Amino acid sequence: MHQDELSQNGDAVLFPLIQERVGIVINEARRNELHQYLKDKDTSALIDNLPKLPTTHPLWQEIIQIVSIGETYFFRNEHHFNTLRQHILPALIHERRIKNNLFLRIWNAGCATGEEPYSLAMLLRELIPDIEQWSITLLATDINAHFLDVARNGIYSSRSFRTETPPNLQKRWFTTEDDRTYRLMDSIKSMVTFSPFNLITDTYPDINKGITNIDLIMCRNVTIYFTRAETSGVVQRFYQSLNENGWLLVGHSEPQPGMYDVFETRQFDYATLYRKAATKPDLPTFTTPAPRPLVSVPIAPAAIADALPPSPPTREIVALIAEAKRATDFEDWSTALSLLELIEREDHFNAAGYYLRGLIHQHTGNALEAAAAFRHAIYCDPHFALAHHALGELYYRQGKNKQALDHWRRAKWALARLKPSDPIPIADDLTAEMLIELLDYRIGKGNSV
């Protein structure tokens, strides 16, 4: 097949089908990899056959392995695991002991190569000394069969032990294969059941797959690339899959305004979880009110960068930003705004403060004030990718695709100086690679309308 025809078939038909069925962004790099993959394939046959096949089919799995990312490590995001260790799991364990019903059902959706569900298994071993007397269901699912094979194998490199991973983890739960390879002990491996699953197209709750009456669903950094409609469907099915008073834990970067209103929001130290309430009404239809028009303001990054003061924030300002971020995560708007006013009096050029102010206005429905705050953050730091991304989202909702695309591209420009694994400030467990993937998806959406 001619290269131009190959590209047209891929871009116009095949790639949208992949995104629709898999929910994974096809950025420029993966687009090029897919074109290489398609060179030796009959794209017409793929276009005919793929819609009829489940994503577990080898043809789909070849594609999924090209477009998937599996950025994870043991005990990633210590605040989430501290909340599970100190609050959620002890309460569940205590409740079951009182009732003499020694069972727990946990679902890790989007488990990648297994570090996350195995971290949960280690945590349960620590918290339940008589765990052999319990019935523990720890289901881990992912759309990528190769990732699941790696997880079942239980052999990891030093890359899986980073930053927040407890320092004694390797000695306690692993045997050393060599200086850089570690084999997980069977006592942990045996606790987790791995299974292929597609959150977008598969049906759940499903008693045959063990996805029903779940006590805790953990699904982090999976829905960040989904459309709002796809995320809404996933959230509703999570709600239906949970036990009465069950818990949902998602990544810090995933919640969208109104998306989790069917749940009770519970705040812990640096962590927000969602609890199913037995008295909640039927699941709502999620709608987004039309915001007032935004005004586009051109930004010249190079000129602004030259005008910025070079001094970094003081320790006091850094501490205040952390407190303001915590209050914002907990939706304690009055406390957050008071802290931000103090920060702005002391440091007129603190981009993080203006970004947090923008998030508050966005969550409280004031799009104009949110846009102004995000612009102020960009004025202070033209490399503040999150502010560009957020401002692009506001323009996109207004139907102003040109302005949205401009800010999303500026965000990619800002991220180009970072390594893929570098964390994004003010975004908790979001990495540069993950944000670039999200931006590529948004840019694709902006260009398609």
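Because the structure is predicted, anything quoted here is derived from the model rather than measured.

J.: Is there a simple way to explain the pattern of salt bridges in this structure?
T.: If the charged atoms of two oppositely charged side chains come close together, the side chains can form a pair. For the structure shown, the criterion picks out 13 salt bridges. When the shortest N-O distance is used, the salt bridge between Lys99 and Glu95 registers 3.4 Å. Here Lys99 and its partner Glu95 are both found in helix 5 (residues 78-99), four residues apart, which amounts to about one turn of the helix. A relative accessible area of 29% places Glu95 in the partly exposed class. Arg97 serves as the salt-bridge partner of Asp130, at 2.6 Å between the closest nitrogen and oxygen. Residue Asp130 is found in the loop between helix 6 (115-127) and strand 2 (135-142), and its partner Arg97 is found in helix 5; the two are separated by 33 residues along the sequence.

J.: Can you walk me through empty space enclosed by the protein in this structure?
T.: One way to see where empty space is left: roll a probe the size of a water molecule over the atoms. Scanning all chains against the criterion turns up one cavity of 30 Å³ or more. Ile69, Gly110, Asp142, Asn221 and Val222 are the residues nearest the centre of the largest cavity, which is lined by 30 residues in total. Contributing elements (two or more residues each) for the lining of the largest cavity: strand 2 and helix 18 (432-448). In the lining of the largest cavity, the residues fall into 15 nonpolar, eight polar and seven charged.

J.: Even after reading the chapter, I still don't get the sheet that holds strand 9 (residues 264-268), so can you show me in this structure?
T.: By definition, the strands of a sheet pair up through backbone hydrogen bonds, in either a parallel or an antiparallel sense. In space, the seven strands of this open sheet follow the order 6-2-1-7-8-10-9, with mixed pairing throughout. The open sheet has two edge strands with one neighbour each: strand 6 (192-196) and strand 9. In this sheet, adjacent strand axes meet at a mean angle of 20° when their direction is disregarded. Where strand 8 (residues 242-250) lies against strand 10 (residues 271-275), two bridges are found, and the strand directions are antiparallel. Looking at the pairing, Trp247 lines up with Arg275 of strand 10. Together, strand 2 and strand 6 form the strand contacts of helix 7 (residues 145-153), whose direction differs from that of strand 6 by roughly 165°.

J.: Would you take a moment to explain the sheet that holds strand 3 (residues 155-157) for this structure?
T.: Across the sheet, which stays open at both edges, the three strands sit in the order 3-5-4 with antiparallel pairing between neighbours. Where the open sheet ends on each side, the last strands, each with one partner, are strand 3 and strand 4 (174-178). Sheet twist, expressed as the mean angle between neighbouring strand axes with direction ignored, is 35°. Here strand 3 runs beside strand 5 (residues 181-184); their pairing, made up of three bridges, is antiparallel. Each residue of the ladder has a partner; that of Ile155, found in strand 5, is Arg183.

J.: Would you mind showing me how to read the side chain of His389 here?
T.: Its place among the elements puts His389 in helix 16 (residues 385-397). Looking at His389, the relative accessible area reads 15%, which means it is buried. Among all residues touching His389, those that are not within four sequence positions of it are Trp408, Ala411, Leu438, Leu439 and Arg442.

J.: Just to check I follow, could you spell out the pairing of strand 9 for this structure?
T.: Working note: regular strand, side chains alternate between the two faces of the sheet. As defined by bridge partners, strand 9 adjoins strand 10 across five bridges and the pair is classed as antiparallel. Bridge assignment links Arg266 to a residue of strand 10, and that residue is Leu273. Following strand 9, the chain reverses through two residues before pairing antiparallel with strand 10; Tyr270 in that reversal takes a positive phi of roughly 60°.

J.: Mind showing me how you'd approach the nonpolar core here?
T.: Across soluble globular proteins, nonpolar side chains have a tendency to be buried as a group. Residues Tyr355, Phe374, Leu386 and Leu435 are the most contacted members of the largest nonpolar core, which totals 49 residues. Where this core is concerned, the elements lending two or more residues are helix 12 (315-329), helix 13 (333-346), helix 14 (351-363), helix 15 (367-380), helix 16, helix 17 (401-415) and helix 18. Residue contributions to this core peak at eight residues, all from helix 16. Ignoring any residue separated from it by four or fewer positions in sequence, one finds Tyr355 in contact with Phe374, Ala377, Phe384, Leu386, Ala387, Ala390 and Ile426. By size, the runner-up hydrophobic cluster in this structure holds 43 residues, among which are Ile131, Tyr156, Leu169 and Phe268.

J.: Help me out: how do you make sense of the packing of aromatic side chains in this one?
T.: Any pair of aromatic rings gets described here by the distance separating the centres and the angle formed by the planes. One pass over the full model with this rule turns up 20 aromatic pairs. Residues Phe74 and Tyr156 carry aromatic rings whose centres are separated by 5.1 Å and whose planes lie at 80° to one another, so their mutual orientation is edge-to-face. A residue pair is termed long-range when its members are at least 10 positions apart, and Phe74 in the loop between helix 4 (58-67) and helix 5 and Tyr156 in strand 3 qualify at 82 residues. The class for Tyr156 is buried, based on a relative accessible area of 4%. Plain terms: the ring middles of Tyr118 and Phe194 are 5.4 Å apart, the flat faces sit at 75° to each other, and that makes the pair edge-to-face.

The rules behind these values
Residues numbered from 1 in each chain as written. Predicted model: local features only at pLDDT ≥ 70, side-chain atom pairs only at ≥ 80, totals over all residues. Heavy atoms only, no water. Salt bridge = Lys/Arg side-chain N within 4 Å of Asp/Glu carboxyl O. Helix = DSSP H or I, 4+ residues; strand = E, 2+ residues; numbered from the N terminus. Buried < 20%, exposed > 50% of the residue type's maximum accessible area, 1.4 Å probe, protein only. 1 Å grid on protein atoms, 1.4 Å probe; cavity = no way out; pocket = protein on both sides within 12 Å on 5 of 7 lines; lining within 4 Å. Points joined across faces, edges and corners; volume = space filled by probe spheres on them. Nonpolar A, V, L, I, M, F, W, Y, C, P; charged D, E, K, R; others polar. Pairing = 2+ DSSP bridges. Axes fitted to C-alpha atoms, helices over the stretch in contact; angles between N-to-C directions. Contact = heavy atoms within 4.5 Å. Core = buried A, V, L, I, M, F, W, Y, C linked by side-chain atoms within 4.5 Å. Phe/Tyr/Trp six-rings, centres within 6.5 Å; stacked < 30°, edge-to-face > 60°.

Geometric values such as these leave the question of function open.
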